[in-house]
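Coordinate inspection notes
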Amino acid sequence: MNLYVLALAVSGTKIFAGTYGGGVFLTNNNGTSWSSVNNGLENTFVLSLVIDGSNIFAGTLGSGVYLSTDNGTNWSAVNNGLTDGDVQALAISNTNIFAGTFSGGIFLSTDNGTSWSAMNNGLINANILSLSGNGLYLFAGTYGGGAFLSTDNGANWSEI
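Attention in this report is confined to the structure presented alongside it. (Residues numbered from 1 in each chain as written. Predicted model: local features only at pLDDT ≥ 70, side-chain atom pairs only at ≥ 80, totals over all residues. Heavy atoms only, no water.)

**Examining the sheet that holds strand β11 (residues 106–109)**
This is how the line gets drawn: Here, a strand pair is defined by DSSP locating no fewer than two bridges between the strands. Strands are runs of DSSP state E lasting at least 2 residues, helices are runs of H or I lasting at least 4, and numbering of each runs from the N terminus.
One open sheet accounts for four strands, arranged β9-β10-β11-β12; its pairing is antiparallel. The outermost strands of the open sheet, each flanked by one partner alone, are β9 (87–93) and β12 (117–118). Pairing geometry for β11 and β12, over two bridges, is antiparallel. When the sheet's bridge partners are listed, F107 is paired in β12 with A118.

Spelled out as structure tokens, the structure:
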């Protein structure tokens with residue numbers, strides 16, 4: 001496995017690791033052995049991972065978001081409306097998927113990544129490094145611009 005692990009996501013007994021240049025790896029035995037799961041993943045620089053039920057989303061460096069519906073066996077790009085392909089952070093809040101990008105800010109998908117909309121009202125820094133949500137609140141961490149909070153599913157942001 002590639003030694004530069006940038007993202008981890010857990011689903012039941014499965015652990016997925018997103019790597020810098022090696023794509024996505026999967027273990028079913030707590031890391032004793034790993035297998036590459038990259039069919040269709042055209043960009044192997046994986047910066048972020050998030051799991052929503054049977055859907056796994058991978059944010060990449062330069063190629064946007066990829067979706068797998070079969071535990072990483074197959075991937076397909078889901079980037080309609082995503083204007084920045086450097087997806088540094090992914091988060092799920094309720095049924096919404098959020099993508100934090102290098103210079104385009106935050107994007108929202110309400111249809112499993114089929115389409116994305118920019119959600120940057122109130123953000124004073126569009127370089128998003130981290131996202132986290134709990135259903136009521138969504139938090140965004142930026143590069144050099146502090147942290148932001150949204151209480152309305154990303155429609156508006158305020159600095160915290």
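There's more to say after this.
**Description of a nonpolar patch on the surface**
The criterion, for reference: Here the term patch refers to residues with relative accessible area over 30% and no salt bridge, with like charges joined within 9 Å and nonpolar side chains (Val, Leu, Ile, Met, Phe, Trp, Tyr) within 5 Å. What sets the accessible areas is the Shrake-Rupley method with a 1.4 Å probe; for residues, cover comes only from the shown protein chains. Between Lys or Arg on one side and Asp or Glu on the other, a salt bridge is scored when a side-chain nitrogen of the former is within 4 Å of a carboxyl oxygen of the latter. Categorising residues by exposure relies on relative accessible area from a 1.4 Å probe, with only protein chains included: less than 20% of the type maximum marks a residue as buried, more than 50% marks it as exposed, and the intermediate range marks it as partly exposed.
Side chains of L3, Y4, L6, Y20, F45 and L61 sit close together on the surface and give an oily, nonpolar patch of about 640 Å² of accessible area. The class of Y20 is partly exposed, set by a relative accessible area of 39%.

**Examining the environment of W75**
Note the threshold: We call two residues in contact when some of their heavy atoms are within 4.5 Å. Any pair of nitrogen or oxygen atoms within 3.5 Å is treated as a polar contact; in protein, a donor-acceptor pairing is required on top of that, and neighbouring residues in sequence qualify only through side-chain atoms on both sides.
Among the secondary structure elements, W75 is positioned in the loop between β7 (65–68) and β8 (76–77). Its relative accessible area of 7% is what places W75 among the buried residues. Separated by 19 residues in the primary sequence, W75 and I56 have C-alpha atoms spaced 9.0 Å apart. Residue contacts for W75: discarding those within four places in its chain leaves V24, V37, N38, N39, G40, L41, I56, F57, A58, Y66, L67 and S68. Within the local environment of W75, its side chain forms a polar contact with the backbone oxygen of V37, the two atoms lying 2.8 Å apart. A polar side-chain atom of W75 sits 3.0 Å from the main-chain carbonyl oxygen of G72.

**Quick look at the packing of aromatic side chains**
What counts is decided by this rule: To pair, rings of Phe, Tyr and Trp, with the six-membered ring standing in for Trp, must have centres within 6.5 Å; the planes then decide the type, stacked if under 30 degrees apart, edge-to-face if over 60, and tilted in the middle.
Taken as a whole, this structure holds two aromatic pairs when the rule is applied. Between Y20 and F45, the ring centres sit 4.6 Å apart and the planes meet at 80°, which makes this aromatic pair edge-to-face. In this pair, Y20 sits in the loop between β2 (14–19) and β3 (23–27) while F45 sits in the loop between β4 (35–36) and β5 (46–52), placing the two residues 25 residues apart along the sequence. Centroid distance Y137 to F139: 6.4 Å. Interplanar angle 40°. Geometry classified as tilted. Overall, Y137 belongs to the partly exposed group, its relative accessible area being 38%.

**Points about the pairing of β7**
Judged by which residues are buried, β7 turns out to be covered on both faces: V65 and L67 on one side and Y66 and S68 on the other are all buried. Between strand β6 (residues 55–60) and β7, which pair antiparallel and follow one another directly, the connecting turn spans four residues, one of which, G62, has a positive phi of 100°. Where β7 lies against β8, two bridges are found, and the strand directions are antiparallel. Residue pairing across strands places Y66 opposite A77, the latter belonging to β8.

**Points about the environment of N80**
As for its placement among the helices and strands, N80 is situated in the loop between β8 and β9. Assessed through its relative accessible area of 54%, N80 is described here as exposed. Sequence-distant contacts of N80, that is, excluding residues within four places in its chain, are made with T114, S115 and W116.

**Digging into the environment of K14**
By the secondary structure assignment, K14 is in strand β2. The partly exposed category is assigned to K14, whose relative accessible area is 23%. Taking the C-alpha atoms as reference points, K14 and G31, separated by 17 residues in sequence, lie 9.5 Å from one another. In this structure, K14 is in contact with A9, L26, T27, N28 and N71, ignoring residues within four places of it in sequence.

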